[in-house]
Amino acid sequence: MASPRCRCRPHYRSNRQLGRGSGDHNYRPVRIFLRDEDQHLRGGILADLWGGWMHITYLWVDDDLRGRDYGTQLLQAAEGEARTHGCHHVHVETFSFQGAPFL
């Protein structure tokens, strides 16, 4: 089996309602997925861009692919999208038990 590839083609869907109350109409969801050669989902990052921030809600990589820089590739791709759309800050949601291996 060939190594899975990080496909860095985000899927956007504009959401105008979020910006109505704040005046910021630049909301964009970012969805970047890691798929193997059979197109099975092996990881991904789900984030939202709004108000100069990227809010990362989910980042995952299948257990058997961890330690191969796929998570780094996903984060770098999302960061690139955030910079392209004027974001200068990132907020990541996690629990302390999830983040401990990365400290």
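Residues numbered from 1 in each chain as written. Predicted model: local features only at pLDDT ≥ 70, side-chain atom pairs only at ≥ 80, totals over all residues. Heavy atoms only, no water.

### Overview of the overall build of the protein
Looking only at helices and strands, the protein features three helices and five strands. Overall, the protein shows an N-to-C arrangement of helices and strands of β-α-β-β-β-α-β-α. Within the protein, the proportion of its 103 residues that are buried is 29%. Of all intrachain contacts in the protein linking residues separated by at least 6 positions in sequence, the fraction that spans at least 24 positions is 46%. Of the roughly 7,200 Å² of accessible surface on the protein, 50% is carried by carbon and sulfur atoms. (Helix = DSSP H or I, 4+ residues; strand = E, 2+ residues; numbered from the N terminus. Buried < 20%, exposed > 50% of the residue type's maximum accessible area, 1.4 Å probe, protein only. Contact = heavy atoms within 4.5 Å. Areas by Shrake-Rupley, 256 points an atom, 1.4 Å probe, with all protein chains shown as cover.)

### Considering the pairing of strand β3 (residues 41–50)
Of all the 10 residues making up β3, seven are buried; the element is thus mostly covered by neighbouring parts of the structure. Connecting strand β2 (residues 28–35) to the antiparallel partner β3 that follows it, the hairpin turn spans five residues, and Gln39 within it adopts a positive phi of roughly 70°. One ladder, built from eight bridges, connects β3 with strand β4 (residues 53–61); its direction is antiparallel. Bridge pairing in β4 places Gly44 opposite Trp60. A loop of two residues connects β3 with β4, the two strands running antiparallel in sequence, and Gly51 in this loop sits at a positive phi of about 65°. (Pairing = 2+ DSSP bridges.)

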